[in-house]
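Residue strings, one per chain:
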Amino acid sequence: SLGFSGVRSTDFEPIYPMFLAAARIVSRDHVIGVQLLQIAVSSVGAILLYRLASALTGGSRVAMFSALLYAGDLLLIKQSVGQSPFVLVTTLLIAFTYAFVTAATATRIAGAGLILGLLVLTRTMTLPLVVGVAVILTIERRPRAALSGGLAALVLIIPWSVRNHNVNDSWWPTRNGLILLISSVPA
């Protein structure tokens, strides 16, 4: 359940806790197994970044350099073995960007929208991307694609927001105010 000691919580986005729960099941509750699954997810990010860079530039050298920079980033390496949602955030962000950049049809944009929905459910700070996608596609005169991408993301986001509202009258994770307080008040 999304909570602590049987009490439902709205403090955090649901995807990373669900990932950890699934990883614990798959690894039979071994910490190293969970870490290896996070490393695997992070490694997929390098492959996706290679494909994204190749799609954007048409060059395999640029794509290889991008993937190598990603693979050698010390913060990503540290996060991939720690308990950090940014492993999923980074990989999903690259996956979304690749899906969005390479999507030629409204159906493919809907697929990118589903990835975007998962991304928002991993970290709400990415919510403005939903509006950004709609604006970009509207400017490109692709209203059907804008609608399909936005609706696909919202199909995932809205049920979670409604659940949060039903639990404690907050549409978003309740820790957001705490983070704002911590970041704005001197220690």
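Located above this text is the structure these notes cover.
To keep things clear, this report deals only with the structure shown in the data block. (Residues numbered from 1 in each chain as written. Predicted model: local features only at pLDDT ≥ 70, side-chain atom pairs only at ≥ 80, totals over all residues. Heavy atoms only, no water.)

Attention now goes to the packing of helix α6 (residues 106-122) against helix α7 (residues 128-139). Interhelical geometry of α6 versus α7 gives an angle of 160° and a closest axis separation of 10 Å. Between α6 and α7, the angle falls in the class roughly antiparallel. Considering only the axes of α6 and α7, their crossing is right-handed. For the pair α6 and α7, contact is made by Ile109, Leu116, Leu119 and Val120 and by Leu129, Val130, Val133 and Leu137, respectively. Counted by class, the contact of α6 with α7 contains 8 nonpolar, no polar and no charged residues. (Axes fitted to C-alpha atoms, helices over the stretch in contact; angles between N-to-C directions. Helix = DSSP H or I, 4+ residues; strand = E, 2+ residues; numbered from the N terminus. Parallel < 35°, antiparallel > 145°, perpendicular 65-115°, else oblique. Left-handed = near helix turned anticlockwise from the far one by under 90°. Contact = heavy atoms within 4.5 Å. Nonpolar A, V, L, I, M, F, W, Y, C, P; charged D, E, K, R; others polar.)

On to the packing of helix α5 (residues 86-102) against α6. Where α5 meets α6, the closest approach of the two axes is 9 Å, and the angle between their N-to-C directions is 160°. Considered as vectors, α5 and α6 are oriented roughly antiparallel to each other. With respect to the hand of their crossing, α5 and α6 are arranged in left-handed fashion. For the pair α5 and α6, the contacting residues are Leu88, Val89, Leu92, Leu93, Ala95, Phe96, Ala99, Phe100 and Thr102 in the first and Arg108, Ile109, Ala112, Ile115, Leu116, Leu118, Leu119 and Thr122 in the second. The residue inventory of the contact of α5 with α6, partitioned by class, reads 14 nonpolar, 2 polar and 1 charged.

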